[in-house]
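# Chain and residue survey
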Amino acid sequence: MKLYGALEAGGTKMVLAVLDSCGNEISRTILPTLTPQETLPAMIAFFREHPLCGLGIGCFGPLDLNPASPAFGTILQTPKLAWRGVPILKAFREALDIPAALDTDVNAAALAEAKLGAAKGLSGCLYLTVGTGIGGGLIVNGGPVHGLTHPEFGHLLLAPEADDPAPEGFCPSHAHCAEGLASGPAIEKRWGISARELPPGHPAWDLEARYLAQVCADAMLALSPEKIILGGGVMHREGLLPLIRKHTLRLLNGYISAPAVENGLADYIVSPGLGDRSGILGAWLLGLSAAG
Ligand code: ZN
């Protein structure tokens, strides 16, 4: 039985799993994201317990994913300062001596949703996560999109809404970007109460839906993804998804003609098909392809 390692590397926790070639999970552990000096050896020790054929890593970014770059496989300007400049791909390749592949956490999740989840049977999708940050992964023709760097949907610049009491948002790098306006922490800073505690009828939710609708409408206009999948903690709020569909339709204003739009986007802007497992299954798929 061939085994593959999967790592979902997040800013607060690392999810590590070992899966067989059918995707059955053999072993799993979760480690807190401390410093690289502490956390890398602990992760390597876990993977060394198993005879792995390959390893896939879905990691918080930004990342250098250009194979021609000297810094290929390195974590770039992350606000997690201790991890800035860490050559995460090389660290695992050298320690484990197996084929390994790296992509953004959201590209990995998007890959899993495209192959196995809500976009199964399509050639691609856009996966957006809305939680402590906002990120987006894009699959086109079956593979994750890389270009100049990798997609950064969290920092799309949005038009501030007229009734927003904090229209500049809270991103340290940009005025009124998506993450600064609509992430979980942005909701909490704007209203002084966590997204989890905000009651259902609060105006925060319609405002949140309008900002996320701007992201969806812009993505549809620029990239024409075959499906948009919205995951992350903030999206657990009941009723938010239909509000986002409603505002996306309003923003598009009949411009895009497609059955998905005519059907009210109900089958187009959807929840993840794999629940909270898209990240780890995406890392597994990366590991499978690295092993060849
Ligand atoms: Zn930003």
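These numbers were taken from a predicted model, which means no experiment stands behind them.

Rules of the game
Residues numbered from 1 in each chain as written. Predicted model: local features only at pLDDT ≥ 70, side-chain atom pairs only at ≥ 80, totals over all residues. Heavy atoms only, no water. Pairing = 2+ DSSP bridges. Helix = DSSP H or I, 4+ residues; strand = E, 2+ residues; numbered from the N terminus. Contact = heavy atoms within 4.5 Å. Axes fitted to C-alpha atoms, helices over the stretch in contact; angles between N-to-C directions. Domains from an automatic or database assignment. Buried area = accessible area lost by both parts, 1.4 Å probe. Salt bridge = Lys/Arg side-chain N within 4 Å of Asp/Glu carboxyl O. Polar contact = N/O pair within 3.5 Å; in protein donor to acceptor, adjacent residues only side chain to side chain. Nonpolar A, V, L, I, M, F, W, Y, C, P; charged D, E, K, R; others polar. Parallel < 35°, antiparallel > 145°, perpendicular 65-115°, else oblique. Donors = N, O, S within 2.8 Å, 3.2 Å for Na, K, Ca; no water. Tetrahedral: all angles 85-135°; square planar, octahedral: opposite > 155°, others 65-115°. Buried < 20%, exposed > 50% of the residue type's maximum accessible area, 1.4 Å probe, protein only.

### Examining the sheet that holds strand β6 (residues 125-130)
Reading across the sheet, the five strands line up as β8-β7-β6-β9-β10 and stay open at both edges, with mixed pairing between neighbours. Two strands bound the open sheet, and with one partner strand each, they are β8 (143-144) and β10 (269-270). Examined bridge by bridge, strand β9 (residues 228-231) and β10 share two bridges and lie parallel to one another. Pairing of I228 across the sheet is with I269, part of β10. Against the sheet, helix α6 (residues 203-223) makes contact with β6, β7 (134-140), β9 and β10, and its axis sits at roughly 160° relative to β6, the strand it touches most.

### What to know about the domain arrangement of the protein
Each assigned domain of the protein is listed with its residue range as follows: domain 1 (3-105 + 276-291) and domain 2 (118-271). Each of domain 1 and domain 2 has a C-alpha centre, and these two points are 27 Å apart. For the pairing of domain 1 and domain 2, the buried interface totals around 510 Å² over both sides, and the portion due to carbon and sulfur atoms is 51%. Summed over the three residues of domain 1 that lose the most area to domain 2, namely L65, D103 and T104, the buried surface amounts to 52% of that side. If you look at where domain 1 meets domain 2, you find zero salt bridges. Counting the contacts that link domain 1 with domain 2 gives two residue pairs in polar contact (both at pLDDT 80 or more). The class makeup of the residues in the side of domain 1 that touches domain 2 is three nonpolar, two polar and two charged.

### Description of the packing of helix α3 (residues 105-116) against helix α9 (residues 278-291)
Running from amino to carboxyl end, α3 crosses α9 at an angle of 85°, the nearest separation of the two axes being 7 Å. With respect to their mutual orientation, α3 and α9 come out roughly perpendicular. Of the residues in α9, those in contact with A108, A109, L111, A112, E113, K115 and L116 of α3 are S278, G279, L281, G282, A283, W284, L285 and L286.

### Points about the sheet that holds strand β2 (residues 13-20)
Read across the open sheet, the five strands follow the order β3-β2-β1-β4-β5; overall the sheet is mixed. Looking at strand neighbours, the two that pair on one side only are β3 (25-32) and β5 (100-104), the edges of this open sheet. Looking at each pair of strands side by side, their axes are set apart by 15° on average, direction ignored. Where strand β4 (residues 52-59) meets β5, five bridges bridge the pair, whose relative direction is parallel. Looking across to β5, one finds that G56 is bridged to A101. Packed onto the sheet, helix α2 (residues 88-96) meets β1 (3-9), β4 and β5 and runs at close to 165° relative to β4.

### Let's talk about the coordination of the zinc ion
Protein coordination at the zinc ion: the donors are H155 (ND1), C171 (SG), H174 (ND1) and C177 (SG), at 2.1 to 2.4 Å from the metal. Around the zinc ion, the four donor atoms are arranged such that angles at the metal cover 102 to 124°; this shape is classified as tetrahedral. In primary sequence terms, the donor set of the zinc ion follows H-x15-C-x2-H-x2-C. In this pair, H155 is assigned in the loop between β8 and α4 (178-182) and H174 in the loop between β8 and α4, connecting sequence segments 19 residues apart. Judged by its relative accessible area of 31%, H174 is partly exposed.

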